[in-house]
Amino acid sequence: MTQKTHSFRVRAGGPLRGSATVPGDKSISHRAVMFGALADGTTTVEGFLQGEDCLATRRAFEAMGVVCEDIADAAMRIHGVGLHGLSAPGCDLDLGNSGTSMRLMCGLLSGQSFSTTLSGDASLSRRPMRRVTDPLSQMGARIDATDEGTAPLRIHGGQPLSGRAFQLSIASAQVKSALLLAGLYADGTTRVDEPGISRDHTERMLTSFGVDVPVQGRRCSVRGGQRLTATRIEVPADLSSATFPLVAAAITPQSDISLPNVGVNPSRAGVLKILEMMGAQVELTNVRAAGAEPVADLRIRASALHGVDIPPALVPLAIDEFPALLVAAACAQGRTRITGAAELRVKESDRIAAMAAGLQAVGVTVEEQADGITVQGGGVTGGVVESHDDHRIAMAFAALGSVAPDGIEIRDVANVRTSFPGFVPLMAALGLVIEEAS
Ligand code: S3P
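Residues numbered from 1 in each chain as written. Predicted model: local features only at pLDDT ≥ 70, side-chain atom pairs only at ≥ 80, totals over all residues. Heavy atoms only, no water.

*Asks:* Pulling in residues and values, what's your account of the site of the ligand?
*Replies:* Near the ligand, the surroundings consist of S27, R31, T100, S172, A173, Q174, R199, I319, D320 and K347. At 2.6 Å, a side-chain N or O of D320 approaches an oxygen atom of the ligand. Its free accessible area being 380 Å², the ligand has 96% of it covered by the protein chains. For the shell around the ligand, the secondary structure elements donating two or more residues are α1 (26–38) and α5 (173–183). Taken together, the residues that form the shell around the ligand break down as two nonpolar, four polar and four charged. Split by domain, the residues of the shell around the ligand number at least three in each of domain 1 (7–24 + 236–437) and domain 2 (26–234). (Near = heavy atom within 4 Å. Polar contact = N/O pair within 3.5 Å; in protein donor to acceptor, adjacent residues only side chain to side chain. Areas by Shrake-Rupley, 256 points an atom, 1.4 Å probe, with all protein chains shown as cover. Helix = DSSP H or I, 4+ residues; strand = E, 2+ residues; numbered from the N terminus. Nonpolar A, V, L, I, M, F, W, Y, C, P; charged D, E, K, R; others polar. Domains from an automatic or database assignment.)

*Asks:* Give me the pattern of salt bridges: which residues, what numbers.
*Replies:* Scanning the entire structure with this criterion turns up 34 salt bridges. A salt bridge links R199 to D320; the nearest nitrogen and oxygen atoms lie 3.3 Å apart. In this pair, R199 sits in the loop between β13 (189–193) and α6 (201–208) while D320 sits in the loop between β20 (309–310) and α9 (322–330), placing the two residues 121 residues apart along the sequence. One exposure class covers both R199 and D320, and it is buried. For E368, the salt bridge identified is with R345, shortest N-O distance 2.9 Å. With E368 in strand β22 (residues 365–369) and R345 in the loop between β21 (335–338) and α10 (351–361), the pair connects residues that are 23 residues apart, well separated along the chain. Salt bridges sharing partners connect three or more residues here, namely R127, R199, D320, E348, R351, D390 and R392. (Salt bridge = Lys/Arg side-chain N within 4 Å of Asp/Glu carboxyl O. Buried < 20%, exposed > 50% of the residue type's maximum accessible area, 1.4 Å probe, protein only.)

*Asks:* I'd like a rundown of the environment of A122, residues and numbers included.
*Replies:* Mapped onto the elements, A122 comes out in the loop between β7 (116–119) and α4 (130–138). Considering only alpha carbons, one finds A122 and D389, 267 residues apart in sequence, at a separation of 9.6 Å.

*Asks:* Please give an account of the sheet that holds strand β11 (residues 165–167) that cites residues and values.
*Replies:* Strand order in the open sheet formed by four strands is β11-β13-β15-β14, with mixed pairing between adjacent strands. Taken across any chain shown, the strands that pair with only one partner, and hence form the sheet edges, are β11 and β14 (215–216). (Pairing = 2+ DSSP bridges.)

*Asks:* Please give an account of the sheet that holds strand β5 (residues 75–79) that cites residues and values.
*Replies:* Whether parallel or antiparallel, the strands of a sheet pair through hydrogen bonds between backbone atoms. Taken together, the four strands give an open sheet; going across it, the order is β4-β5-β3-β16, and neighbouring strands pair in mixed fashion. The sheet is open, and its two borders are formed by β4 (67–72) and β16 (232–234), each paired with just one other strand. Between one strand and the next, the sheet's axes are offset by a mean angle of 20 degrees, whatever the strand orientation. Here strand β3 (residues 42–46) pairs with β16 via three bridges, running parallel. Across the sheet, the residue bridging to T44 is R232, located in β16. Taken strand by strand, α1 contacts β3, β5 and β16, and its axis lies near 30 degrees from that of β5. (Axes fitted to C-alpha atoms, helices over the stretch in contact; angles between N-to-C directions. Contact = heavy atoms within 4.5 Å.)

*Asks:* Break down the packing of aromatic side chains for me, with residues and values.
*Replies:* Aromatic ring pairs are described here by two measures, namely the spacing of the ring centres and the angle between the planes. In the structure shown here, the tally under the stated rule is three aromatic pairs. Relative to F209, the ring of F35 has its centre 6.1 Å away and its plane inclined at 85 degrees; by these criteria the two rings are edge-to-face. Of this pair, F35 sits in helix α1 while F209 sits in the loop between α6 and β14, and the two are 174 residues apart along the sequence. Assessed through its relative accessible area of 0%, F209 is described here as buried. Three or more aromatic residues link up through ring pairs in this structure, and these residues are F8, F420 and F423. (Phe/Tyr/Trp six-rings, centres within 6.5 Å; stacked < 30°, edge-to-face > 60°.)

*Asks:* Outline the packing of helix α7 (residues 239–251) against helix α8 (residues 270–277), supporting the account with residue identities and numerical values.
*Replies:* It is at 10 Å that the axes of α7 and α8 come closest, and there the two elements cross at 20 degrees. As the angle between them shows, α7 and α8 are arranged roughly parallel. Crossing of α7 over α8 shows right-handed handedness. Where α7 abuts α8, its residues L239, T243, L246 and V247 lie against V271, L272 and L275. When its residues are assigned to classes, the contact of α7 with α8 shows six nonpolar, one polar and no charged. (Parallel < 35°, antiparallel > 145°, perpendicular 65-115°, else oblique. Left-handed = near helix turned anticlockwise from the far one by under 90°.)

Distances and angles like these do not, on their own, reveal function.
Structure below.
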């Protein structure tokens, strides 16, 4: 149950220093459970994110007869049931706050012989689902949604699916992945073309499970009927979570922190490019492969940042990092402008509106546009901000508190546990002056 009164209080303090291991990647952890469940054999997952979103995915598959066995702190074995081995759950599948669970499972469950109902919390129940239900219907799926095209979603089982070629109007890994997963159950080939790059964890991980997923530029495809073979998945630390300590260190004078083993998949790593464009001193060392994903140790030192116009092509590559990047922009010299980012309005909250309101509340001048925001760097004083129940808004303002002379109180931060369990002790260990209050 979300505790509405739970808040963070952050005060400006000294520099952030030291090394910290950020929890596992959320996108990769979701996929590890889903694909491990559908595989033949037992998959071992190391570094699994024990955040509420991924636990919701895990519980949903457990409700469909998949045994997930904890073998260590963040390690588990998933006893796969095979492509056609899931069984009808005895209840609705509650996916909490997790859009990734709902959208990917919508594709995967469209191909089952049994029906399911997917529900979520207030935020997830507002998020647009037609982007997956419409193309899935074109493949033959039968999905009922509310008149607004939102959850709860009733997915009817036993519908024959046929492969199709899709030209997406937005770059979205969630939509692409939903279609590829439905494609595994479809006759023929399912092909997805995207207008921009979106994260490619699904293509990489399905390949690790032995599925042939040809990729050519922004086009990928899958032939129906291919089986998955169990494998071992190493989940890197989540770059999206790492962004909060990275930005806090970048803006807090004399900071110098290291974050080992962070995923740096190029379809996801736009934040590092944008921070560098702003003048941040980011270093990647020990770049290596963790299974199908590139990882690196990251080091960042505080430096003077300057405002930039963020190239629209980088937007999908950093889509989850804009709350934190806007905090960096608030501490930069000059103006930062983001355009082509209307997607930010349909995330866990309307992130353009939430960031604009919060930045104004702490003294920063901003201007909202339909598809972006302009931030005039400087002027951070402090105050009280609302997270709008959005984990990334809460963590972004916690990072900003590190340089706010009057401190920042962030309200309704319970959802931080969806993606970053242990956020407060980790940030405190690096030197952020942060406390939780209920
Ligand atoms: C995700 C894809 C992104 C991202 C989300 C996780 C994924 O959404 O915002 O947090 O794991 O596929 P879109 O693909 O809709 O942009």
